Amino acid sequence: MIRETYRDRSRNVSYCCFLVMSLLLMMSSTAKKDVSREEDAWRRFLRERRWKSWRKRYRPDPYESEHHEVEAKENFMRNDAIIEKHNSRNAGYVLGHNKFSDRYFEERGNSRGITKSGGDCRSPSTEQPQQMMWDLLPPASSTFRGDAPPISPNVSMDWVSQGAVTPVKDQGNCSNGDWAFSAVGAMESAYKIQGASLTALSESNLLSCCSLTQGCSGGYPIYSFACIMKDGLCLESDAPFRKNVTKRSCEKCNPSVALQGFDVLPRGDEDWLRAGVSQRPVSVWINSAAPSFRFYKSGVLDSKECETGVYGSALVVGFGQDHVSGKPYWLLKNSWGTDWGENGYARLVRDKSMCGVAELAVVRGVLFDRENFKCFHVSVFIHHFHSNH
């Protein structure tokens, strides 16, 4: 009888312990959920505050409709989460909000209708075979042809510090007009390097008058070079760019600069690109739709996410090595204003074709090889041009 009572008490004690442990686990679980809810609420509060701050700075005016505002806010919250998650990893470069924060990060590329494959040898504006484009091009110089690129003695190159690059410009609402800014930037620098004074040339002249492109709706730097060879290029003072005007109407002006030719570099070879940049800034295609590029703020961009993809154009104006991380980089000038990146510039890690800087380097598109009847990607930089004055 005594043993049975002892057993009963033991069972009761065990049962009570089980109840206590279960209750403690439930309380712990509830506490964790409460903490999680509080953290989520705090995170939502901070994002809401960042949204209001962003609106005040970048979009003080009302959206077109309530639907557009709801969509813009959803995009902002999504991009804010991307930025927050990245910056928590200490990846060596920082992301930050800018004027693109209320947009879905793929809309820039999708608006062009461009695929990563680079097309099928057809013009984006006329859908005519690229052979017509080939006929417009001059014979390429032999400066950068051969089995291997010339060895550059330069450990670093910075055309900005040498005074051969005009200030960063802002393409504004001309969302797909970066091809013109890239090409004009190359022309401006080449003009200076060849002995003239640093002169601002006209993107508006190209955007409105180059019949081979679609103006602010899209184009390719190589088409702009062809147009400059044919018609010349005006000074910015004669045809200034109005960043809030996207309507296309040719602004006639007297050309001040003409282009004689340009060279073609092999695809995907950063040694060749380095050789080109050693002589002058180079116009390049870039994957500007990747969040790591679009929201880039500072540091050396080194991201597997920013793979080859062709959505925009920019200008490589130098190369060097970061004194903190030791990473070699390309110095890239963009046309999104000084609020983006490092005062309008970005540093992309070298030798990884980061964001497609060399895979589709310099020319946004493909040429048509009449002899071999196949597509191939090209890299282009200005070879010669002269002033008409």
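Asks: What is the right way to look at unusual backbone geometry in this model?
Replies: Trans peptide bonds make up most of the peptide bonds, and negative phi angles are found at most residues other than glycine. Positive phi values are uncommon outside glycine, yet Asn343 reaches one of about 55°. Residue position: Asn343 is located in the loop between β7 (328–333) and β8 (345–349). One non-glycine residue with positive phi stands out, namely Asp351, at about 65°. Mapping Asp351 onto the fold places it in the loop between β8 and β9 (366–369).

Asks: Hey, could you run me through the packing of helix α5 (residues 178–193) against helix α7 (residues 221–231) in this one?
Replies: Describing two packed helices takes the angle between their axes plus the distance from one axis to the other. Closest axis-to-axis distance for the α5/α7 pair is 8 Å, and the angle between their directions is 55°. It follows that α5 is oblique to α7 by the angle criterion. Relative to α7, α5 is oriented so that their crossing is right-handed. For the pair α5 and α7, the contacting residues are Trp179, Ala183 and Met187 in the first and Pro221, Ser224, Phe225 and Ile228 in the second. Class assignment for the residues of the contact of α5 with α7 results in six nonpolar, one polar and no charged.

Asks: Just to check I follow, could you spell out the packing of aromatic side chains for this structure?
Replies: Each aromatic ring pair is described using two quantities: the centre-to-centre distance and the angle formed by the ring planes. Under the counting rule described, the total for this entry stands at 11 aromatic pairs. Arg59 extends its terminal NZ or CZ atom over the ring of Tyr63, reaching a point 4.0 Å from the ring centre. Taking NZ or CZ as reference, Arg347 lies 5.3 Å from the ring centre of Tyr329, over its face.

Asks: Quick question: what am I supposed to make of the state of the cysteines here?
Replies: Disulfides are covalent bonds that connect the sulfur atoms of two cysteines. Tallied over the full model, the rule gives five disulfides. Covalently, Cys174 is tied to Cys216 through a disulfide, its sulfur atoms 2.0 Å apart. Around the S-S axis, the bridge from Cys174 to Cys216 shows a dihedral of about -105° and counts as left-handed. Note that Cys174 is positioned in the loop between β2 (157–158) and α5 and Cys216 in the loop between α6 (203–209) and α7, a separation of 42 residues in sequence. Here Cys174 matches Cys216 in class, with each residue buried.

Asks: Would you take a moment to explain the pattern of salt bridges for this structure?
Replies: Side-chain pairing between opposite charges can occur once the charged atoms of the two side chains come close. All told, the structure shown has 16 salt bridges when counted by the stated rule. One salt bridge in this structure joins Asp80 and Arg50, with 2.8 Å as the shortest N-O distance. Here the residue Asp80 occupies a position in helix α2 (residues 66–87), and Arg50 occupies one in helix α1 (residues 2–58), the gap between them amounting to 30 residues. Relative accessible area serves as the criterion here: at 29%, Arg50 is assigned to the partly exposed category. Put simply, Arg47, Arg50, Asp80 and Glu84 are held in one network by salt bridges that share partners.

Asks: Looking at this model, I keep getting lost on the environment of Ala226. Mind explaining?
Replies: Here Ala226 lies in helix α7. C-alpha separation for the pair Ala226 and Gln260, spaced 34 residues apart in sequence, amounts to 9.7 Å.

Asks: Sorry, what's going on with α7 here?
Replies: Given 3.6 residues per helical turn, the α-helix brings residues three or four places apart onto the same face. Within α7, eight of the 11 residues are buried, which leaves the element mostly enclosed by the surrounding structure. Within the sequence span of α7, burial applies to Pro221, Ile222, Tyr223, Ser224, Phe225, Ala226, Cys227 and Ile228. Looking at the residues trailing α7, positive phi occurs at Gly232, about 80°.

Asks: Help me out: how do you make sense of the nonpolar core in this one?
Replies: Side chains of nonpolar character tend, in soluble globular proteins, to be buried together. Core analysis: the largest hydrophobic core is formed by 41 residues, its most contacted members being Val277, Phe293, Leu301, Leu332, Leu348, Cys355 and Val357. Elements with a minimum of two residues in this core: β1 (93–95), α8 (270–279), β4 (282–286), β5 (296–301), β6 (312–321), β7 and β8. It is β6 that provides the largest number of residues to this core, a total of five residues. Phe181, Leu212, Tyr223 and Cys227 belong to the second-largest nonpolar core, a separate cluster that totals 26 residues.

Asks: For this particular structure, what's the right way to read the confidence of the model for the chain?
Replies: If pLDDT is low for a region, its predicted coordinates should not be looked at in detail. Looking at the chain, pLDDT values average 76 and 66% of them are 70 or higher. Low pLDDT, under 50, characterises residues 107–145; the predicted model gives this stretch 100 contacts beyond four residues in sequence or across chains. Note that residues 362–389 has pLDDT below 50 and, in this model, 125 contacts with residues that lie over four places away or in other chains.

Asks: Looking at this model, I keep getting lost on the pairing of β4. Mind explaining?
Replies: Each regular strand shows side chains that alternate between the opposite faces of the sheet. Among the five residues that make up β4, five are buried, leaving the element largely enclosed by the rest of the structure. Residue alternation in β4 divides its side chains into two sets, Val282, Val284 and Ile286 and Ser283 and Trp285, and both sets are buried. With five bridges joining them, β4 and β6 adopt antiparallel strand pairing. By the bridge assignment, Val282 is partnered in β6 with Val316.

Reading the values: the criteria
- Residues numbered from 1 in each chain as written.
- Predicted model: local features only at pLDDT ≥ 70, side-chain atom pairs only at ≥ 80, totals over all residues.
- Heavy atoms only, no water.
- Helix = DSSP H or I, 4+ residues; strand = E, 2+ residues; numbered from the N terminus.
- Axes fitted to C-alpha atoms, helices over the stretch in contact; angles between N-to-C directions.
- Parallel < 35°, antiparallel > 145°, perpendicular 65-115°, else oblique.
- Left-handed = near helix turned anticlockwise from the far one by under 90°.
- Contact = heavy atoms within 4.5 Å.
- Nonpolar A, V, L, I, M, F, W, Y, C, P; charged D, E, K, R; others polar.
- Phe/Tyr/Trp six-rings, centres within 6.5 Å; stacked < 30°, edge-to-face > 60°.
- Lys NZ or Arg CZ within 6 Å of the ring centre and 35° of its normal.
- Disulfide = S-S within 2.5 Å.
- Buried < 20%, exposed > 50% of the residue type's maximum accessible area, 1.4 Å probe, protein only.
- Salt bridge = Lys/Arg side-chain N within 4 Å of Asp/Glu carboxyl O.
- Core = buried A, V, L, I, M, F, W, Y, C linked by side-chain atoms within 4.5 Å.
- pLDDT = per-residue confidence, 0-100.
- Pairing = 2+ DSSP bridges.

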